[in-house]
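# Summary of structural features
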Amino acid sequence: METIALQTAAREELVDITELVAGAVARAGLTDGAALVYVPHTTAGVTINENADPAVPRDVMMALARLVPQTLPFTHAEGNADAHVKASLMGSSVTVPVRSGALQLGTWQGVFFAEFDGPRRRRVLVQALAGAAR
Amino acid sequence: METIALQTAAREELVDITELVAGAVARAGLTDGAALVYVPHTTAGVTINENADPAVPRDVMMALARLVPQTLPFTHAEGNADAHVKASLMGSSVTVPVRSGALQLGTWQGVFFAEFDGPRRRRVLVQALAGAAR
Amino acid sequence: METIALQTAAREELVDITELVAGAVARAGLTDGAALVYVPHTTAGVTINENADPAVPRDVMMALARLVPQTLPFTHAEGNADAHVKASLMGSSVTVPVRSGALQLGTWQGVFFAEFDGPRRRRVLVQALAGAAR
């Protein structure tokens, strides 16, 4: 298992970590199986989406902000309850198949760390999972 | 790893791929572990829900269309930003436990490919993951 | 694979199952890999979020109820279509890395069974997945 350290720069931000994940998979020596990309935080998540046009991550974050406005009548006192909800909507992990040592991401796919309560120091765990070859 | 090829028929559609996934797991010879069902696209996802009453997938798509209307002030120029958001909400993969060679889906569960920007030719990857038997 | 049996107490409820999942992982003898926590139901899901302040799970459920009100024009006749939608939004599984026999949850993270159509008897499957150690 490898730990990726991040410093996010804004309250809400999608940070492209595709190359960092690919590097961790290469160092793990995984040939066939999957990479589990796990976020051990409760006001951040991880998602896979298009990394070619930067408008896409921007639009995803805009839509999430409209879905879960900070002005809902939350009871959590820290003022970041919206971030907790968004973290559950995105999820705490993605799992990407690996074949012949390569992440099987689609042409337009990238892996994004989803910051909802930054800027903060964050961590992402990458765990290699074994395939069940015949 | 096996690739399932699909041709979707509408802009938005939940396609039941349960039998296709079960076939891939059987061909992989997996006895105990899990099946990772992965969508390598950014305007489609995958989800597990009821496949008995066709009203359920219809209601899921209707609710998603209300959550993320195409009329939001998106900046992505291709007119399918709503599809990218819905893909992140559903997620790019599901993982289903396998025991004694059988997918451990619940009685009412099916695996659905979630098309949000069709009709298109699509692919789904099925990767067998090894269990950690004692 | 181990099955956790639950009895939920309300229509909508987040039940902290962290200790039950940790117990299943310990009994499986898993040292390095991941724990797949899988819900075989279509009106319930599973999510990871903060388990220190009980306001957080309450706020998550409140936000989901606003996102998917029961009053939408659903066609599913059982009156629980909102629960099916929420199940897909949360997802049917979470996967948590395991190292040296310990779930690698973050400091504030807990695993929650997400009931959206209770009270009911429910099951959660915990499957140990093998790591791909060098």
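What follows is about the relation of the copies chain A and chain C. Structural alignment of chain A on chain C gives an RMSD of 0.0 Å, achieved by rotating through 120° and translating 0.0 Å along the axis. When the rotation and shift are considered jointly, the pair of chain copies conforms to a three-fold rotation axis. Here only 13% of the interface residues in chain A have copies in chain C that are interface residues too; the copies meet through unlike faces.

Take the interface of chain B and chain C next. Facing 34 residues of chain B, the contacting portion of chain C comprises 30 residues. For the pairing of chain B and chain C, the buried interface totals around 2,600 Å² over both sides, and the portion due to carbon and sulfur atoms is 60%. Summed over the shared surface of chain B and chain C, the result is zero salt bridges. Counting the contacts that link chain B with chain C gives 13 residue pairs in polar contact (both at pLDDT 80 or more).

Let's shift gears to the interface of chain A and chain C. Contacts between chain A and chain C engage 30 residues on the former and 34 residues on the latter. Taking both partners together, chain A and chain C bury about 2,600 Å²; carbon and sulfur atoms supply 60% of that area. Considering only the surface of chain A that becomes buried against chain C, Met1, Tyr38 and Ser88 of chain A emerge as the three largest contributors, covering 21% of it. Joining chain A to chain C, the criterion identifies zero salt bridges. Between chain A and chain C we count 13 residue pairs in polar contact (both at pLDDT 80 or more) in total. For the side of chain A that touches chain C, the secondary structure elements donating two or more residues are helix H1 (18–28), strand E3 (33–38), helix H3 (81–90) and strand E8 (121–130) of chain A. By residue class, the composition of the side of chain A that touches chain C is 19 nonpolar, 10 polar and one charged.

Side chains on a regular strand alternate between the two faces of the sheet. Residue and element names in this part refer to chain C. Strand E7 (residues 109–115) sits mainly inside the fold: seven of its seven residues count as buried. Pairing geometry for strand E2 (residues 13–16) and E7, over four bridges, is antiparallel. The residue of E7 that forms the bridge with Asp16 is Phe112.

Leu64 and Leu89 of chain A, Leu64 and Leu89 of chain B together with Leu64, Phe74 and Leu89 of chain C are the most contacted members of the largest nonpolar core, which totals 55 residues. With residues up to four places along the chain from it excluded, the contact list for Leu89 of chain A reads Leu64 and Val68 of chain A, Ser88 and Leu89 of chain B together with Leu64, Leu67, Leu89 and Met90 of chain C. Core analysis: the next-biggest nonpolar cluster, separate from the first, contains 53 residues, Val94 of chain B together with Leu103, Val126 and Ala128 of chain C among them.

The next thing to look at is the sheet that holds strand E2 (residues 13–16) of chain B. Residue and element names in this part refer to chain B. Taken in spatial order, the three strands of this open sheet run E2-E7-E4, and their pairing is antiparallel. Each edge of the sheet is formed by a strand with only one pairing partner; in this case those strands are E2 and strand E4 (44–50). Each adjacent strand pair in this sheet contributes to an overall mean axis angle of 35°, direction not counted.

Looking now at the confidence of the model for chain A. Per-residue confidence for chain A gives a mean pLDDT of 97, with 99% of residues at or over 70. For this predicted complex, the interface score ipTM comes out at 0.97, while the overall pTM is 0.98.

A word on the side chain of Gln104 of chain A. If you trace the backbone, Gln104 of chain A turns up in the loop between strand E6 (102–103) and strand E7 (109–115). Polar contacts involving the side chain of Gln104 of chain A include one to the main-chain carbonyl oxygen of Ala102 of chain A, which spans 2.9 Å. Once you skip the residues sitting within four places of it in the chain, Gln104 of chain A turns out to touch Val96, Pro97, Val98 and Arg99 of chain A together with Met1, Tyr38, Pro40 and Leu125 of chain B.

Strand pairing within a sheet occurs via backbone hydrogen bonds; the two strands may be parallel or antiparallel. Residue and element names in this part refer to chain A. Across the sheet, which stays open at both edges, the three strands sit in the order E2-E7-E4 with antiparallel pairing between neighbours. At either end of the open sheet lies a strand with only one pairing partner, and these are strand E2 (13–16) and strand E4 (44–50). Each neighbouring strand pair of the sheet contributes to a mean axis angle of 35°, computed without reference to strand direction. Summarising the sheet, E4 and E7 pair through seven bridges and their orientation is antiparallel. Looking at the pairing, Ala44 lines up with Glu115 of E7.

Now for empty space enclosed by the protein. Applying the stated criterion across every chain yields a total of two cavities of 30 Å³ or more. Put simply, the largest cavity is a space of about 470 Å³. Lining the largest cavity we find 34 residues, and of these Met90 and Ser93 of chain A, Ser93 of chain B together with Met90 and Ser93 of chain C sit closest to its centre. In terms of residue class, the lining of the largest cavity is made up of 16 nonpolar, 18 polar and no charged.

Conventions we followed
- Residues numbered from 1 in each chain as written.
- Chains lettered and ligands numbered in written order.
- Predicted model: local features only at pLDDT ≥ 70, side-chain atom pairs only at ≥ 80, totals over all residues.
- Heavy atoms only, no water.
- Least-squares fit on C-alpha atoms with pLDDT ≥ 70 in both.
- Contact = heavy atoms within 4.5 Å.
- Buried area = accessible area lost by both parts, 1.4 Å probe.
- Salt bridge = Lys/Arg side-chain N within 4 Å of Asp/Glu carboxyl O.
- Polar contact = N/O pair within 3.5 Å; in protein donor to acceptor, adjacent residues only side chain to side chain.
- Helix = DSSP H or I, 4+ residues; strand = E, 2+ residues; numbered from the N terminus.
- Nonpolar A, V, L, I, M, F, W, Y, C, P; charged D, E, K, R; others polar.
- Buried < 20%, exposed > 50% of the residue type's maximum accessible area, 1.4 Å probe, protein only.
- Pairing = 2+ DSSP bridges.
- Core = buried A, V, L, I, M, F, W, Y, C linked by side-chain atoms within 4.5 Å.
- Axes fitted to C-alpha atoms, helices over the stretch in contact; angles between N-to-C directions.
- pLDDT = per-residue confidence, 0-100.
- 1 Å grid on protein atoms, 1.4 Å probe; cavity = no way out; pocket = protein on both sides within 12 Å on 5 of 7 lines; lining within 4 Å.
- Points joined across faces, edges and corners; volume = space filled by probe spheres on them.

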